[in-house]
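Results of the structural survey
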Amino acid sequence: QVQFVESGGGLVQPGGSLRLSCAASGIIFSDYVMDWYRQAPGKQRDWVARITDSGSTYYADSVKGRFIISRDNAKNTVYLQMNSLKPDDTAVYYCRGRPTVTQQGTWGQGTQVTVSS
């Protein structure tokens, strides 16, 4: 059974940092393309960042230079390091894993990130 479980969310002040984790099971993790998305209240789910099976990384313009996506294949985990957080980064963050970008893949359950003073 393919499963992704996010963790690491919480409340942080503007300018602060958080690191999200997404642990995978039931797959050959190193073969998977991993994405992070986020959904703010009342808004659509937006793509945030991607790391391919070969380690190439891509970012939405809104987070470029502030967020870093990485993976540890030995731990079956993808990370999202979020720095210089802004109130607009407040959202539920989801990871998504799939063998190729043309497939639907599997979503995690999400983790809440709130940026507020």
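Use the structure listed above.
Just so it is clear, the structure is predicted and the values come from calculations on it, not from any experiment.

In terms of burial, strand 9 (residues 91-98) is a largely internal element, 7 of the 8 residues being buried. Pairing of strand 4 (residues 33-39) with strand 9, which is carried by 7 bridges, proceeds in the antiparallel orientation. Bridge assignment links D35 to a residue of strand 9, and that residue is R96. Pairing geometry for strand 9 and strand 10 (residues 106-107), over 2 bridges, is antiparallel. Residue pairing for strand 10: G97 is matched across the bridge by T106.

Applying the stated criterion across every chain yields a total of 5 salt bridges. Between R98 and D35 there is a salt bridge, and its shortest N-O distance comes to 3.4 Å. Of this pair, R98 sits in strand 9 while D35 sits in strand 4, placing them 63 residues apart in sequence. Residue R98 is classed as buried on the basis of its relative accessible area, which comes to 4%.

For the rest of this paragraph, the subject is the pairing of strand 11 (residues 111-115). Residues T111, V113 and V115 of strand 11 are buried on one face, while the alternating residues Q112 and T114, pointing to the opposite face, are not. Relative to strand 11, strand 2 (residues 10-12) runs parallel, the two being bridged by 3 bridges. When the sheet's bridge partners are listed, V12 is paired in strand 11 with V115.

Take unusual backbone geometry next. Across the chain, the bulk of peptide bonds are trans and the bulk of non-glycine residues have phi less than zero. Here N76, not a glycine, exhibits a phi torsion of approximately 55°, which is positive. With respect to the secondary-structure elements, N76 resides in the loop between strand 7 (67-72) and strand 8 (77-82). For N76, a relative accessible area of 26% translates into the label partly exposed. One non-glycine residue, S84, adopts positive backbone phi at about 50°.

Parameters at a glance
Residue numbers run consecutively from 1 along every chain, following the written order of its sequence. In view of the model being predicted, local features appear only for residues whose pLDDT reaches at least 70, and side-chain atom pairs are presented and counted only at 80 or more, with totals across whole chains, interfaces and linings using the full set of residues. As a convention, hydrogens and water are excluded, and side-chain values are obtained from all of the structure's heavy atoms. Think of it in three bands: with a 1.4 Å probe and only protein chains considered, a residue is buried below 20% of the maximum accessible area for its type, exposed above 50%, and partly exposed in between. Strands here mean DSSP runs of E at least two residues long; helices mean DSSP runs of H or I at least four residues long; both are numbered from the N terminus. By definition, two strands form a pair when at least two bridges between them are found by DSSP. Criterion for a salt bridge: a side-chain nitrogen of Lys or Arg within 4 Å of a carboxyl oxygen of Asp or Glu.

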